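Spelled out from the first residue to the last, the chains are:
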Amino acid sequence: MHWSPAILYALVAAIANIIGGLFISAKPMLNPKVLKYLIASGAGFMLAAVFLNIIPASLKITNNNSEALMLVLAGYLLIQFCEHTIVAHFHFGEETHSHLLSRSSAFTAAGGLAIHTFFDGISIAAGFAVDVKLGLLIFIAMIIHKLPEGFTVASIMLAAGQSRKTAFLASVFIGFVTLIGTLSILFFKQAAHFALPLSAGVTLYVAASDLIPEVNNGSERTVIPLVVFGGVILYYITEALLDFLIIS
Ligand SMILES: [Zn+2]
Ligand SMILES: [Zn+2]
């Protein structure tokens, strides 16, 4: 295994999880508005990345369109199963329904989220296995939602009556699992093939079924739902910038 930029980017993504966790486990000091903006723009960016880059790249590398699309569906369903079927109560953002959360349901929620962050790491490595541009686009899609992700897992722990230290360690754990995901692809290069379409499905799930409901659940009219479109615009700008930087 030779050194890969994917490890460095996965490390940054893992640190973003931990910073997100710190925001809530150290002292509640992150403006909830900021969190909402990150969730909304992350959703738009991820949706654009999935449809405009990750799925097309998956079709190209697998040479079998029906198999690739089946893997996309499998990735989507995998997160439906891990985050929402075996887990009783999970949603992105701050967990404030304390009465709903038992100790065991908080730990299964963290476990379900860890399976998703494992795929965050896999996506980064599988992207870099195709080319630098895809790797960077996936990395940026990941990094935007990594802060809210760390925040989410730490707040679940606090809502279940766990200590601030446990809440912080939960964000360290999901960050660490991201790195493991990246390393697993670097060790089993052949798997990048299957991993890219699978992680397209996972990313689609996180964007459309985890983040978007959180964007739309406000009771009052705000600009937050519009920020999703901002995320898509951000994607186009980033892609153009990467084209410019990589070609020149
Ligand atoms: Zn809740
Ligand atoms: Zn994630």
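This text gives an overview of the structure that appears in the document. What you see is a predicted model, and the numbers here were worked out from it, not measured in a lab. Sequence order as written defines residue numbering, which begins from 1 separately in each chain. A letter from A marks each chain and a number from 1 marks each ligand, given out in the order of writing. In keeping with the model being predicted, local features are shown solely for residues with a pLDDT of at least 70 and side-chain atom pairs are shown and tallied solely at 80 or more, while totals for entire chains, interfaces and linings include all residues.

### Overview of the overall build of the protein chain
Thought 1: A tally of helices and strands in the protein chain yields eight helices and zero strands.
Thought 2: Labels follow the DSSP assignment, with helices taken as runs of H or I lasting at least four residues and strands as runs of E lasting at least two, numbered in each case from the N terminus. For the protein chain, the N- to C-terminal ordering of α and β elements is α-α-α-α-α-α-α-α.
Thought 3: What the globule rule says is 2.2 Å times the number of residues to the power 0.38, and the radius of gyration is computed from C-alpha atoms. For a compact globule of 248 residues, the expected C-alpha radius of gyration is about 18 Å, and the protein chain comes in at 17 Å, within 12% of that figure.
Thought 4: Taken along the three principal axes of its C-alpha coordinates, the protein chain extends 50 × 40 × 30 Å.
Thought 5: Across the 248 residues that make up the protein chain, the buried fraction comes to 52%.
Thought 6: Contacts are defined on C-beta atoms placed from the backbone: any two residues whose C-beta positions lie within 7 Å are in contact. Long-range contacts, defined as pairs at least 24 residues apart, comprise 85% of the intrachain contacts of the protein chain with a sequence gap of at least 6. Any residue surrounded by 20 or more other C-beta atoms within 10 Å of its C-beta is treated as buried, while 12 or fewer makes it exposed and the intermediate range makes it partly exposed; C-beta atoms here are placed from the backbone.

### Quick notes on the nonpolar core
One broad trend across soluble globular proteins is that nonpolar side chains are buried collectively.
Thought 1: A set of buried residues drawn from Ala, Val, Leu, Ile, Met, Phe, Trp, Tyr and Cys, joined through C-beta atoms within 7 Å, is what defines a nonpolar core. Of all hydrophobic cores here, the largest spans 88 residues; its most connected members are Ala43, Ala49 and Ile124.
Thought 2: Elements that contribute at least two residues to this core include exactly helix H1 (5-25), helix H2 (32-62), helix H3 (65-85), helix H4 (103-130), helix H5 (132-159), helix H6 (164-187), helix H7 (192-216) and helix H8 (224-247).
Thought 3: A total of 18 residues in this core trace back to one element, the largest contributor, which is H5.
Thought 4: Here Ala49 is in contact with Ile54, Leu137, Ile138, Ala141 and Tyr235, once residues within four sequence places are set aside.

### Details of the environment of Thr108
Thought 1: Checked against the element boundaries, Thr108 lands in helix H4.
Thought 2: C-beta crowding within 10 Å serves as the criterion here: with 17 such atoms nearby, Thr108 is assigned to the partly exposed category.
Thought 3: Residues within four places of Thr108 in sequence aside, it is in contact with Ile86 and Val87.

### A few points about the environment of Asn217
Thought 1: For Asn217, the position within the fold is in the loop between H7 and H8.
Thought 2: Spatially, the C-alpha atoms of Asn217 and Ile144 are 20 Å apart, while their sequence positions differ by 73 residues.

### Topic: H5
Because the α-helix completes a turn every 3.6 residues, residues three or four places apart line up on one side.
Thought 1: Here the expected span of a helix is defined as 1.5 Å times the quantity of residues minus one. An ideal rise of 1.5 Å per residue puts 40 Å on 28 residues; H5 measures up with 40 Å between its terminal C-alpha atoms.
Thought 2: To get the bend at a given residue, fit one axis to the seven residues ending there, fit another to the seven starting there, and take the angle between those axes. By the largest-angle criterion, Lys146 marks the main kink of H5, which is about 35°, and a proline, Pro148, follows within four residues.
Thought 3: Among the 28 residues that make up H5, 26 are buried, leaving the element largely enclosed by the rest of the structure.
Thought 4: Backbone geometry just downstream of H5 places Gly161 in the positive-phi region, at approximately 80°.

### Concerning the packing of H5 against H6
Thought 1: All axes are obtained by fitting lines to C-alpha atoms, using only the stretch in contact for helices, and the reported angles, taken between N-to-C directions, cover 0 to 180 degrees. The interhelical angle for the contact between H5 and H6, taken along N-to-C directions, is 140°, at an axis separation of 8 Å. Judged by the twist between their axes, the crossing of H5 over H6 is right-handed. Counted together, Glu149, Gly150, Val153, Ala154, Met157 and Leu158 of H5 and Thr166, Ala167, Phe168, Ala170, Ser171, Ile174 and Gly175 of H6 form the full contact between these two elements.
Thought 2: Only Asp, Glu, Lys and Arg are considered charged, only Ala, Val, Leu, Ile, Met, Phe, Trp, Tyr, Cys and Pro nonpolar, and every remaining residue, Gly among them, polar. Looking at side-chain class alone, the contact of H5 with H6 contains eight nonpolar, four polar and one charged residues. Left-handed describes a crossing in which the near helix is turned anticlockwise from the far one by less than a right angle; the clockwise case is right-handed.

### Observations concerning the packing of H2 against H8
Thought 1: Between H2 and H8, the least distance of the axes is 7 Å, while the angle of their chain directions is 45°. The orientation of H2 relative to H8 falls into the category oblique. Every pair of crossing elements has a handedness; the one defined by H2 and H8 is right-handed. Between H2 and H8, the contacting residues are Lys36, Tyr37, Ala40, Ser41, Gly42, Ala43, Gly44, Phe45, Leu47, Ala48 and Ala49 on the first element and Ile224, Val227, Val228, Phe229, Gly230, Gly231, Val232, Leu234 and Tyr235 on the second. Each angle gets one of four labels, with under 35 degrees taken as roughly parallel, over 145 as roughly antiparallel, 65 to 115 as roughly perpendicular, and the rest as oblique.

### So, the environment of Leu22
Thought 1: Among the secondary structure elements, Leu22 is positioned in helix H1.
Thought 2: Residue classification places Leu22 among the buried residues on the basis of 21 C-beta atoms within 10 Å.
Thought 3: C-alpha separation for the pair Leu22 and Arg164, spaced 142 residues apart in sequence, amounts to 9.2 Å.

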